[in-house]
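# Chain and residue survey
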Amino acid sequence: MKKSIMKKALALLLTGLLVMPLGAGAAMASDAAEPGSGPVLKCWTILNIESDADPRNVAFRKIVENWNATNPWGATMEVTAFSGPELHAQVAQAGAAGNTADVICAFSMNLQQYIAAGGLQPMTGYAESWLEENGDDYIFNADMLRQLDGEIYSLPWETRTMTLYYRTDIYGEDYQFTSLEDLAQKASEVTGEGKYGFVLGCGQDGDFLQQLQPILYANGASTYDKEGNVALNSEGGIATIEWLKELYDIGAMDSAAVNMNIEDSFNGLRAGTIYAAIVGTHRYGAVTNSEDFGDKISTCAIPGAEEGSIAPAYNTCQTLGIGSSCKNPEIAFDFITSNLTTEAGGYYYEAACMPVRKSVYDLPEVKASSNYDVMSKWAEIWETGTETFFFEPEYHADLANNFAGVVQASILNGEDPQAGADKITEQYNSKYNS
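Computed from a predicted structure; not experimentally measured.

Further remarks concern the overall build of the protein chain. Per the secondary structure count, the protein chain includes 18 helices and 9 strands. When the backbone C-alpha atoms are referred to their principal axes, the protein chain occupies close to 70 × 50 × 35 Å. Per-residue burial over the protein chain gives 56% buried out of 434 residues. For the protein chain, the share of sequence-separated contacts (at least 6 apart) that also reach a separation of at least 24 residues comes to 76%. For the protein chain, the computed accessible surface area is about 17,100 Å², with 48% contributed by carbon and sulfur atoms. Side chains of the protein chain give 25 positive and 58 negative charges; the mean places of these two sets differ by 3 Å.

Moving on, we come to the pattern of salt bridges. Counted by the stated rule, this structure contains 13 salt bridges. Its salt-bridge partner being D143, residue R146 comes within 3.7 Å of it at the nearest N-O pair. For D143, a relative accessible area of 62% puts it in the exposed group. For D169, the salt bridge is made with R167, and the minimal N-O distance between the two is 2.7 Å. We classify R167 as buried; its relative accessible area is 4%. Salt bridges here are not isolated pairs; linked through shared partners, they connect E128, D143 and R146.

This part is about the pairing of strand β3 (residues 40-45). Sheet topology note: the β3/strand β4 (residues 76-81) ladder contains 6 bridges and is parallel. Among the inter-strand pairings, W44 is bridged to a residue of β4, identified as T80. Since β3 and β4 lie parallel, the crossover through helix α1 (residues 55-70) that links them has a hand, and here it is right-handed.

We now examine helix α16 (residues 372-383). For α16, with 12 residues, the first-to-last C-alpha span of 17 Å sits near the 16 Å given by 1.5 Å per residue. Those residues of α16 not exposed but buried are M375, S376, W378, A379, I381 and W382. Buried residues in α16 make contact with β6 (154-167), α12 (284-288), β8 (297-300), β9 (315-322) and α14 (342-350).

What follows is about the confidence of the model for the protein chain. It should be kept in mind that the predicted coordinates are not to be read in detail where pLDDT is low. In the predicted model, the protein chain carries a mean pLDDT of 91, and 92% of its residues have values of at least 70. Below pLDDT 50 for its whole length, residues 1-30 participates in 77 contacts with residues either more than four positions away or in separate chains.

On to the packing of aromatic side chains. Ring pairs (aromatic) are described by centroid distance and by the angle formed between their planes. Summed over all chains, the structure comprises 20 aromatic pairs. Arranged with centres 5.6 Å apart and planes meeting at 35°, the rings of Y224 and F390 form a pair that is tilted. With Y224 in the loop between α8 (208-218) and α9 (235-249) and F390 in the loop between α16 and α17 (396-413), this residue pair connects regions lying 166 residues apart in the sequence. On the accessibility criterion, Y224 (8% relative accessible area) is buried. Judged by relative accessible area, F390 falls into the partly exposed class, the value being 38%. Through a chain of ring-to-ring contacts, three or more aromatic side chains come together here, namely Y224, F390, Y395, Y428 and Y432. The side chain of R283 reaches across the aromatic face of F266, ending 3.8 Å from its centre.

Before going further, it helps to examine unusual backbone geometry. The general pattern is negative phi for most residues beyond glycine and trans for most peptide bonds. Of note, the phi angle at E193 is positive, near 55°, even though the residue is not glycine. Relative to the assigned elements, E193 resides in the loop between α7 (180-190) and α8. Even without being glycine, A352 reaches a positive phi, approximately 65°. Inspection of the secondary structure assignment puts A352 in the loop between α14 and α15 (364-367). For A352, a relative accessible area of 1% gives the class buried.

Compared with the 22 Å implied by 1.5 Å per residue over 16 residues, the 22 Å span of helix α18 (residues 417-432) between its first and last C-alpha is a close match. Along α18, the positions that sit buried rather than exposed are P417, G420, A421, I424, T425, Y428 and N429. The buried residues of α18 occupy one face: seen down the axis, they fall within an arc of 145°. Along α18, exposed side chains directed more than 90 degrees from the buried face belong to K423, E426 and K431. For α18, the elements touching its buried residues are α9 and α17. By the N-cap criterion, in which a side-chain oxygen at the helix start approaches the backbone nitrogen of a residue two or three places on, α18 is capped by D416, the distance to Q418 being 3.3 Å.

All right, on to the environment of G192 then. Looking at the secondary structure, you find G192 in the loop between α7 and α8. Spatially, the C-alpha atom of G192 lies 9.4 Å from that of M253, the residues being 61 residues apart in sequence.

Before going further, it helps to spend a moment on the pairing of β6. Counting buried residues along β6, 14 of its 14 residues qualify, which places the element largely inside the surrounding structure. Relative to strand β7 (residues 276-280), β6 runs antiparallel, the two sharing 5 bridges. Each bridged residue has a counterpart across the sheet, and for T163 the counterpart in β7 is V279. Across 4 bridges, the pairing between β6 and β8 is antiparallel. In the sheet register, Y165 faces β8, and the bridge partner there is T299.

On to the nonpolar core. Nonpolar side chains in soluble globular proteins tend to end up buried together. Core analysis: the largest hydrophobic core is formed by 133 residues, its most contacted members being L155, F198, F208, W243 and F403. Every residue in contact with W243, bar those within four places of it in the chain, is listed here: L180, E181, L183, A184, F198, L200 and I215.

Rules used throughout
- Residues numbered from 1 in each chain as written.
- Predicted model: local features only at pLDDT ≥ 70, side-chain atom pairs only at ≥ 80, totals over all residues.
- Heavy atoms only, no water.
- Helix = DSSP H or I, 4+ residues; strand = E, 2+ residues; numbered from the N terminus.
- Buried < 20%, exposed > 50% of the residue type's maximum accessible area, 1.4 Å probe, protein only.
- Contact = heavy atoms within 4.5 Å.
- Areas by Shrake-Rupley, 256 points an atom, 1.4 Å probe, with all protein chains shown as cover.
- Lys, Arg positive; Asp, Glu negative; His and termini not counted.
- Charge placed at Lys NZ, Arg CZ, Asp CG, Glu CD.
- Salt bridge = Lys/Arg side-chain N within 4 Å of Asp/Glu carboxyl O.
- Pairing = 2+ DSSP bridges.
- Right-handed = clockwise from strand over helix to strand, strands pointing away.
- Expected span 1.5 Å × (residues − 1).
- pLDDT = per-residue confidence, 0-100.
- Phe/Tyr/Trp six-rings, centres within 6.5 Å; stacked < 30°, edge-to-face > 60°.
- Lys NZ or Arg CZ within 6 Å of the ring centre and 35° of its normal.
- Arc of directions from axis to C-beta.
- Polar contact = N/O pair within 3.5 Å; in protein donor to acceptor, adjacent residues only side chain to side chain.
- Core = buried A, V, L, I, M, F, W, Y, C linked by side-chain atoms within 4.5 Å.

Spelled out as structure tokens, the structure:
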């Protein structure tokens, strides 16, 4: 999945309706209904349009306000924001009860979980038509987005890769760690007095494998093999656990750090108590907005296991899908595609979200952006990822939570990592992949 930066002006044609940027013209202006006169739809997402705390909130607010004012049905999209875990629970409950929102934000790691819960309906016909018209500019294609049943349930509105965030006043300007061992040693030298040189916490939650995956890649391993079987007990998987234990043994992390999760790492970067951590590029705006330490944060590729190497990129994305209870799928899909225009991509770019359209990089305001050089480097890192976009299985969050327990037991209690990894690998493969 390669991204060449090229300019592409495309019209968005779907079921005979001309969709202008941000959904502003599926009918002639003279035929469009008055804003607010049509149906009210609901969107469940992780973005809070009432808050400016995360720059992504501001970008999404612009899109929602524009769509509400210009869509030809006079429809109104009402947005409800949830934390990630709250959204997972909400979709599961609503899928079972048959009362989902019309549009649902689904992280790629959780998409199969939402489908299995009955939270999303297929939108293959809409998506294939839209992708046919926009495929040269949109970085995803239908084959990448099809799920196990051959259907398309959502379209990514942003993509991201996991990178190493680090403090330039601690590690130096433009400093690149030369290996995982180098990172561990350097981190141990500056850890102390409540500050940590690096944290990859093993707190038990569904996001643990999100930050661990690049380290698995660095060691030639992955959570799943090519057939989709859990493969955490591989040689590289055990090397990954042993590296985490080394961080603890040499004092780079203590028991409190071992029990942190990815949100704790993010908050620690912002607060200045953590000097380096693995966090997605999508959080860059929120980290660098920190009043005290934002201007001291830089990013780079995650170092590899071998000296002078980098870990292959772990790429994920946030997507939007149509809720299973939606009675107006055409309108819902129009709202989804309003997040996928070049103009919308420019809004998200301002929030340090990597765009899903190549043409975003040609926007004058993007080229002039203070983040242009930083985000262009992210695009290069993103390129080192796997060619095929991977959607984790529905049990992924549960696996992540339980594997974190295995890793904690090895680090803090000295339990055999191979035995623990073998047990959990067999447990999940026998239940889901036999």
